[in-house]
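What follows is each chain in one-letter form.
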Amino acid sequence: MGTAAIRTEGLSKRFGRVVALEGLDLSVEQGEIFGFLGPNGAGKSTTIRLLLHLIRPTAGSAWITGVPVADVERAHGHLSYVPGDVSLWPQLTGLEILTYLGNLSGAVDLAFRDELVERLRLDPSLRARSYSKGNRQKIALVAAFMTRPDVLLLDEPTAGLDPLMEAEFQALAREAAARGQTVFLSSHILDEVEDLCHRIAILREGRLVEIAALTDLRRLGSTVFEAILDGPAPEFAGLPGVTAVEAIDGGVRVSVTGPPAAVLARLSGAGLVRLRSREPTLEEIFLTYYEATPAQRDAVAAAHGSRPARVDDGEGGAAQ
């Protein structure tokens, strides 16, 4: 395998006594769509700022396509960046901004740029001051993809986009990966990460707690059984492997790690009418790493039922 698209060794950042990132060892391969997850203060934005060399590490090193990130001119020649909150020159039109950014990079396929503008349904003739948040985000996405960089660093890239444009973004990300580009995606939209990413890293309090393919994470997680019962739900206290129990309409939902024989026997003895098993969603896997309370699980599940699940991050402070 060739040079990793992104590599970090012992990457750490402290702000005074606050540990924002501690000993991050990471390798992201060329052509990979890599998900980067974590709640408020986990260190996701800090990691991206370190990769961009916007801040300097307290310890450790990082490379973009083998180039030290401290060599900003060379490293930035291999990447594009999209933040979650885009600021633009208010007096310039969208086309003028894209032309300016394209001239800075020096390597833009104008036909491809125009295709991106059309696919994202952006009106480039308007001045930036008239753009909504979603349209400012579209400008940033066009600017990032139009240079076909080796690495796309995307920090909440679909903030402000409607579901149709989120789907178009996903198509663009898959096409980029198919061309051999690397997509590093920090997102709170767990459905998006689940649909897109080849591998996922989970941060907690500045430390990497898991990194694996989604299929491997599911194998490490629970199996979820949803049972419809002809009678009251039985007790599951003390049964091996039971990690969560919640009532559902007409029955019970039980999450189990390891062999489920004891749980299935208990359900069978409680007037089992129908049983469905499934792998845990990314949302459920993610919550297990943060010891969510039942109330928190219910709140996220309720949000998940009506819109893509988002775990609030608010990484705007220095401690990120």
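To be clear, the structure that these remarks concern was listed above.
For the structure given in this document, a descriptive report is provided here. (Residues numbered from 1 in each chain as written. Predicted model: local features only at pLDDT ≥ 70, side-chain atom pairs only at ≥ 80, totals over all residues. Heavy atoms only, no water.)

### Notes on the sheet that holds strand E7 (residues 151–155)
Note the following rule: Two strands qualify as a pair provided that DSSP identifies no fewer than 2 bridges between them. Helix and strand definitions here come from DSSP, where helices need a minimum of 4 consecutive H or I residues and strands a minimum of 2 consecutive E residues; each element is numbered from the N-terminal end. All axes here are fitted lines through C-alpha atoms, helices being fitted over the stretch that makes contact, and every angle between N-to-C directions spans 0 to 180 degrees. Should any heavy atoms of two residues lie within 4.5 Å, those residues are considered in contact.
Spatially, the 6 strands line up as an open sheet ordered E6-E7-E8-E3-E9-E10, and their pairing is mixed. Because the sheet does not close on itself, it has two edges, and the strands there are strand E6 (79–82) and strand E10 (207–213). Neighbouring strand axes in the sheet, compared pairwise and without regard to direction, differ in orientation by 15° on average. Summarising the sheet, E7 and strand E8 (residues 182–186) pair through 5 bridges and their orientation is parallel. Bridged to Leu152 within E8 is Val183. Sheet strands in contact with helix H5 (residues 133–145) are E6 and E7, and its direction is about 170° off that of E6.

### Structural notes on the sheet that holds strand E14 (residues 272–278)
Taken in spatial order, the 4 strands line up as E12-E13-E11-E14 in an open sheet, and their pairing is antiparallel. Where the open sheet ends on each side, the last strands, each with one partner, are strand E12 (242–248) and E14. Adjacent strand axes in the sheet meet at a mean angle of 20° when their direction is disregarded. Taken together, the 6 bridges between E12 and strand E13 (residues 251–256) define a ladder with antiparallel strand orientation. Each residue of the ladder has a partner; that of Val245, found in E13, is Val254.

### Some points on the packing of helix H3 (residues 94–105) against H5
Our working rule: These descriptions rest on fixed angle ranges, namely under 35 degrees for roughly parallel, over 145 for roughly antiparallel, 65 to 115 for roughly perpendicular, and the rest for oblique. Note on convention: the crossing is left-handed when the near helix lies turned anticlockwise from the far helix by less than a right angle, right-handed when the turn is clockwise.
Remark: H3 packs on H5, axes separated minimally by 10 Å, with the N-to-C direction vectors making an angle of 30°. Relative to H5, the element H3 lies roughly parallel. Relative to H5, H3 is oriented so that their crossing is right-handed. Residues Gly94, Ile97, Leu98 and Leu101 of H3 form the contact with H5, whose own contacting residues are Ile139, Val142 and Ala143.

### Structural notes on the packing of aromatic side chains
Note the cut-off: When the centres of two rings from Phe, Tyr and Trp lie within 6.5 Å, Trp using its six-membered ring, the rings pair. Their planes under 30 degrees apart give stacked, over 60 give edge-to-face, and anything left gives tilted. Each residue is assigned to one of three classes by its accessible area relative to the maximum for its type, calculated with a 1.4 Å probe on protein chains only: buried under 20%, partly exposed between the two thresholds, exposed over 50%. Two limits define a charge over a ring: the Lys NZ or Arg CZ must be within 6 Å of the ring centre, and within 35 degrees of the ring normal.
A full pass over the atoms with the stated rule returns 4 aromatic pairs. Aromatic pair Phe34 and Phe184: ring centres 5.7 Å apart, planes at 10°, arrangement stacked. With Phe34 in strand E3 (residues 33–37) and Phe184 in strand E8, the pair connects residues that are 150 residues apart, well separated along the chain. In this structure, Phe34 and Phe184 share a single accessibility class: buried. The structure contains a cluster of three or more aromatic residues connected by ring pairs, namely Phe34, Phe36 and Phe184. One residue, Arg148, lies across the ring of Phe112, its end atom 4.0 Å from the ring centre.

### A few points about H3
Rules: A helix is expected to span 1.5 Å multiplied by its residue count minus one. This arc is built from the directions going out from the helix axis to the C-beta atoms.
Between its first and last C-alpha, H3 extends 17 Å over 12 residues, near the 16 Å set by a 1.5 Å rise per residue. Among the residues of H3, Gly94, Ile97, Leu98 and Gly102 are the ones counted as buried. The buried residues of H3 occupy one face: seen down the axis, they fall within an arc of 130°. Facing away from the buried side of H3, by more than 90 degrees, are the exposed residues Asn103 and Leu104. Contacts made by the buried residues of H3 are with helix H4 (110–119) and H5. Positive phi shows up at Gly106, right after H3, with a value of about 75°.

Purely geometric numbers; function is a separate question.
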